[in-house]
Amino acid sequence: MSQTVPSAAFVPPAAGAAQRPSLLALLVMLSGTFMVVLDFFIVNVAIPSIQHDLHASTGALQLVVVGYGLANAAMLITGGRLGDIHGRRRLFVVGVGLFTLASAACGMAPNAAVLVAARIAQGVAGALLQPQVLAMLGLLYSGPERAKAFAAYGLTLGLGAASGQLIGGLLVHADLAGLGWRSCFLINVPIGALALALSGRVLPPMQGQSANRLDLPGMALVAVALTAAVFPLVQGRDEGWPLWSLVCLAASVPLLASFWHYQRSLSARGGQPLVAPALLAQRPFVLGLLVTLMFYASNASFYFVLALYLQQGLGLSPLNSGLVFTALAAGFFATSMASPWFARRLGRHAIFAGALVLAAGHATLYGMVGRLSAENLALMLPVLLVQGCGLGMVMAPLVSTVLAGLPPQHAGVASGVLATVQQVGNALGVALIGILFYGAVGQEAGLAAAARAFGASLLYLFALSLGVAALYRHFSRSALPEEQS
C-alpha cells in the first residue's frame, strides 16, 4: 500500500493536480449529493399527505421510503465501478439527469404504484452520481484544498439530513401552487436542471478506463446480497419480524460470502472484478469502513428517535419539529466549517474528540428527558447544539480520512463501497433503535411512554458514540502512524 496521507483521499495523477476546480464546480458536485441525501429525509413529513391524496396503503407508503434507500444501497458499488469505466463526469451527468427526471415523475405521480416506481428510479440514479462526487473530489483537489473540499462534502451530508425534515415541513405547510407534498420532490427539478446546465462547463473531463468491462455476475450478486440484508432491516420491524425477514437476513451472509469468493476467483483468473480484492486487503480502509458503519448507524438512529419523541411525545407538528432540528443543524454547520481548524489543532484526535462530544451530548439530554415538555422545550436546544457540534466534528473529516492514501484506480469503487456502508449503517441503525424505542413504549401512549423510550435510546446512542471513539482510536493508530498529535 502507498504511504498514508491523512489529508488526502486519493493520490491523483500529476496532470489532474494542476486542474484546480472553481468554487462553482464544487457547488455543482455537492448539489448532486445534497439532493440524494435530502430525499432520504424530506419524504418523512410528506407521508400523511401522500396517503390522503393517493389513497395509498400502509405497504405502499413503506415502499415509498424503503424502495429509495434499498435501490440506492444495492447499486452504489456498481455506480462507482461504472464511473471508473466510463468516466466520472459522464456518470455524474447521467446520474443527475436521471435523478431529476425521476423526481419529476415522483412529483407528478397519479397513484401510489407510479410513486413507488419513481422512488426506486431515484435511488438508482442517486447511486450513479454519489460515488462520482467522492471520486472527483479526491482526484481534483490536493493538499489543504482537498481537506476543505471533503469538509464541504461532510457539511453537505449533514445539512441534507438535518434540514430534510425542516424543508419538507416548510414545503408541505406552504402548499406552493397547491402542490402540497409534491413540491418535496419537484424542488429537485430546478436544482438538477441547473447542475446539468453547468456540469459540462465547470467540471473538467475525466476519462474512464474504457478497456475495462463491467462485472455483471458480481453486480447481480452484490445487489441481491445487499437487498437481502437491508430490506428486512427496514421492513421487518413494521411487520413484526415475519419468517421471510429472518430468512432474508440469514441468506444475506452466504450471499455476501459468495460475492467475495467470486470476486477473488475472478481476480485470480485475470478478470476485472466489481470490487478488487486488493482494495479490501487494505487493513486501514476496512477499519475505516467499520468506523463509518458504526457512526452512520448512530447518526440515522438519533434523527429517527428525536423526530418520534418531538412529534409523538411532545405533540409538535412536522414544521415545529423541523424547527427544533435547526439547533442540531447549527452546531453541525459551525464545526463542519471549522473542520480545517480542528485538523490543525487536534490532528488525528479531531474525530475522536467529536465522538466524545456527541456522547456527552447524549448523556446530558438523557438527564433532561424526564423534565422536558412542549412548554420548556427551549431547554433542549443548547444540548442539541452540542450534539450537532459533535456530529460535525466527526462527519466532516471522516470521508477523507477513511479514503486516505488509496490509489486512483480504486477511486470510484472505494467511493461506492464507502457510500454503501453509509446506507447500510443508516438502515441497520434505524432498525435496531426502532426495536428498542417501540419496545420501551409498549402499548402505552403519551409523553411519559415516549420519554421513557427516548431515554433508553439515548443510553444506547451514548454507548454507540463511545464505541465510535474507541474504534476510531484503533483505526487512527493503524492508518495514521506518522501524524503528530
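Residues numbered from 1 in each chain as written. Predicted model: local features only at pLDDT ≥ 70, side-chain atom pairs only at ≥ 80, totals over all residues. Heavy atoms only, no water.

### Observations regarding the overall build of the chain
Rules: Secondary structure follows DSSP: runs of H or I at least 4 residues long count as helices, runs of E at least 2 residues long count as strands, and numbering of each begins at the N terminus. Values of the radius of gyration come from C-alpha atoms, whereas the globule rule sets the reference at 2.2 Å times the count of residues to the power 0.38. Relative accessible area decides the class of each residue, using a 1.4 Å probe on protein chains only: under 20% of the type maximum gives buried, over 50% gives exposed, and in between gives partly exposed. Working definition of accessibility: Shrake-Rupley area with a 1.4 Å probe, residue cover restricted to the visible protein chains. Note that His is not counted, nor are the chain ends; the positive residues are Lys and Arg, and the negative ones are Asp and Glu. Where a charge lies is defined by one atom per residue type, namely NZ (Lys), CZ (Arg), CG (Asp) and CD (Glu).
Regarding its fold elements, the chain presents 19 helices and 0 strands. Relative to the compact-globule value of 23 Å for 485 residues, the chain shows a C-alpha radius of gyration of 21 Å, a close match. Taking the principal axes of its C-alpha atoms as reference, the chain extends roughly 60 × 55 × 45 Å. Within the chain, the fraction of its 485 residues that count as buried is 57%. With the model as given, the accessible surface of the chain reaches about 18500 Å², and the carbon-plus-sulfur share is 67%. Computing the positive centroid from 22 side-chain charges and the negative centroid from 12, the chain places the two 13 Å apart.

### Structural notes on the environment of Gly271
Within the secondary structure, Gly271 is located in the loop between helix H11 (243-268) and helix H12 (277-280). In this structure the C-alpha to C-alpha distance between Gly271 and Asp215, which are 56 residues apart in sequence, comes to 8.7 Å.

### A closer look at the packing of aromatic side chains
Stated precisely, the cut-off is as follows: A pair of aromatic rings is counted whenever rings of Phe, Tyr or Trp (Trp by its six-membered ring) have centres within 6.5 Å, and the orientation is called stacked for planes under 30 degrees apart, edge-to-face for over 60 and tilted otherwise. Whether a charge lies above a ring is judged from NZ of Lys or CZ of Arg, which has to be within 6 Å of the ring centre and within 35 degrees of the ring normal.
Inspection of the entire model under this criterion finds 8 aromatic pairs. Consider the rings of Phe40 and Tyr68, whose centres lie 4.6 Å apart with planes at 75°: the pair is edge-to-face. Taken as a pair, Phe40 in helix H2 (residues 23-41) and Tyr68 in helix H4 (residues 58-86) lie far apart in primary sequence, 28 residues in all. Here the two residues Phe40 and Tyr68 agree in accessibility, since each one is buried. Ring centres of Trp181 and Phe185 lie 6.1 Å apart, and the angle between their planes is 85°; on these two criteria the pair is classed as edge-to-face. Just as Trp181 is buried, Phe185 falls in that class too. Positioned above the aromatic ring of Tyr68 is the side chain of Arg119, whose terminal nitrogen or guanidinium carbon lies 4.3 Å from the ring centre.

### Thoughts on the side chain of Ser103
The line we're drawing: In the analysis that follows, any N or O atom pair within 3.5 Å is treated as a polar contact, provided that within protein one partner can donate a hydrogen and the other can accept it, and provided that, for residues neighboring in sequence, both atoms belong to side chains. Every residue pair with non-hydrogen atoms within 4.5 Å of one another is taken to be in contact.
Along the chain, the position of Ser103 falls in helix H5 (residues 88-107). Of note is the side chain of Ser103, whose polar atom sits 3.2 Å from the side chain of Asn188. Apart from the residues within four sequence positions on either side, Ser103 is in contact with Gln122, Phe185, Leu186 and Asn188.

### Observations concerning unusual backbone geometry
Glycine aside, residues mostly have negative phi angles, and peptide bonds mostly take the trans form. Positive phi, normally seen in glycine, also occurs at His55, with a value near 55°. You can see His55 is positioned in the loop between helix H3 (47-54) and H4. For His55, a relative accessible area of 69% puts it in the exposed group.

### Focus: the nonpolar core
Test applied: Grouping buried Ala, Val, Leu, Ile, Met, Phe, Trp, Tyr and Cys residues that are joined through side-chain atoms within 4.5 Å yields what is termed a nonpolar core.
With 109 residues, the main nonpolar core has Leu137, Phe285, Phe295, Tyr309, Leu310, Met380 and Phe454 as its most contacted residues. The biggest single contributor to this core is helix H13 (residues 283-313), with 14 residues. Not counting the four nearest positions on each side in its chain, Leu137 is found in contact with Leu26, Met29, Arg146, Ala149, Phe150 and Tyr153.

### Comments concerning a nonpolar patch on the surface
As a reminder, the rule being used: Residues enter patches when their relative accessible area tops 30% and they take part in no salt bridge; the joining distance is 9 Å for like charges and 5 Å for the nonpolar side chains Val, Leu, Ile, Met, Phe, Trp and Tyr. The salt bridge criterion pairs a side-chain nitrogen of Lys or Arg with a carboxyl oxygen of Asp or Glu, the two atoms within 4 Å.
Nonpolar side chains collect at one region of the surface, where Leu23, Leu24 and Leu27 lie side by side and expose about 300 Å² of accessible area between them. Relative to the helices and strands, Leu23 is located in helix H2. Residue classification places Leu23 among the exposed positions, given a relative accessible area of 62%.

### Regarding the confidence of the model for the chain
Keep in mind that low pLDDT regions are not for reading the predicted coordinates in detail. Quick note on the threshold: Confidence of the predictor at the level of single residues is captured by pLDDT, which takes values from 0 to 100.
Taken as a whole, the chain shows an average pLDDT of 83; of its residues, 92% reach a score of 70 or greater. Taking the mean pLDDT of every element in the chain, the minimum, 39, falls on helix H1 (residues 14-17) and the maximum, 95, on H5. Per-residue pLDDT stays below 50 along residues 1-18; that stretch engages in 51 contacts with residues further than four places along the chain or on separate chains.

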